[in-house]
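# A closer look at the structure
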Amino acid sequence: MLKAQSRPVHLYMEANPNPNSLKFVANFMLVDDGLSFDYPSAEEATNSPLAKELFNFAAVERVFIASNFVTVTKTEAVEWPEIQTIIRDHIKSYLEAGKKPVQAEFDKDPLFDENDSEIVKKIKGILDEYIRPAVEQDGGAIVFHSFQDGVVKVLLQGSCSGCPSSTITLKAGIQNLLTRMLPEVKEVQAEGV
């Protein structure tokens, strides 16, 4: 009887603008492109066995999973050199066991809603095409929250949540792009930061 081959897992670590976050990048997709899962606490990690396990490490404060990476945010009390290898090895072992990092099923595309207004569809399209890839490079995500009276509200997740440079990214990058491309947009604000 042949034994099923497990997928070779290669993980490398990437620093990002948030000194308390570290991005662990895999050599394959962990979740569908465009989806992201942000877990600010163990209690909210109900659909991610990997995040639940990572929260067992006292130094882990937040877990974020998107495309081919896991971003872990640590507490201020510990330095990365003390824990980065332990966390990397745990994620690698988890993935080598063939387990899914997130167990989520969707009946429809969670990013787009057919009831969205034309301007909201355009905003979401710009966020998805131009901004999401850049923010993911830094181990985070940006999610559309709402649009009202010229103000776009977004959620910053992963390493972007609590990052010292997130305000600059929000105003100098995202707001400038959206206001230039869509005259209806006057301002961009972060929710829940």
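Above this text is the structure in question.
Here is a short report on the structure shown in this document. Quick caveat, the model's predicted, so the values are computed rather than measured. What you see as residue numbers is a count from 1 along each chain, following the sequence as written. In keeping with the model being predicted, local features are shown solely for residues with a pLDDT of at least 70 and side-chain atom pairs are shown and tallied solely at 80 or more, while totals for entire chains, interfaces and linings include all residues. To get the side-chain values, take all heavy atoms of the structure and skip hydrogens and water.

### Here we look at the nonpolar core
Residues enter a nonpolar core if they are buried and are Ala, Val, Leu, Ile, Met, Phe, Trp, Tyr or Cys, with the set joined through side-chain atoms within 4.5 Å. We call a residue buried when its accessible area falls under 20% of the maximum for its residue type, exposed when it is over 50%, and partly exposed in between, using a 1.4 Å probe and counting protein chains only. Tyr39, Val63, Ile65, Val70, Val72, Ile91 and Leu95 are the most contacted members of the largest nonpolar core, which has 30 residues in total. The helix and strand labels rest on DSSP assignments: H or I over at least four residues marks a helix, E over at least two residues marks a strand, and numbering proceeds from the N terminus. Looking at this core, the elements with two or more residues in it are strand E2 (21–26), strand E3 (36–39), helix H1 (49–54), strand E4 (60–66), strand E5 (69–74) and helix H2 (80–96). In terms of residue count, the dominant contributor to this core is H2 (6 residues). Here, two residues are considered to be in contact whenever any of their heavy atoms come within 4.5 Å of each other. Once you skip the residues sitting within four places of it in the chain, Val72 turns out to touch Asn20, Ser21, Leu22, Phe24, Leu54, Val60, Arg62, Trp80, Ile87 and Ile91. Residues Val120, Ile123, Leu156 and Leu178 belong to the second largest nonpolar core, which totals 18 residues.

### Description of the pattern of salt bridges
Only one rule defines a salt bridge in this text: a Lys or Arg side-chain nitrogen within 4 Å of an Asp or Glu carboxyl oxygen. By the definition in use, this model includes 7 salt bridges. For Lys23, the salt bridge goes to Glu14, with nearest N and O atoms at 3.5 Å. A salt bridge links Lys92 to Glu96; the nearest nitrogen and oxygen atoms lie 2.7 Å apart. Of this pair, Lys92 and Glu96 are both found in helix H2, 4 residues apart, which corresponds to roughly one turn of the helix. Judged by relative accessible area, Lys92 falls into the partly exposed class, the value being 27%. Of the residues examined, Glu96 reaches a relative accessible area of 31% and is grouped as partly exposed.

In short, shape yes, function no, at least from these values alone.
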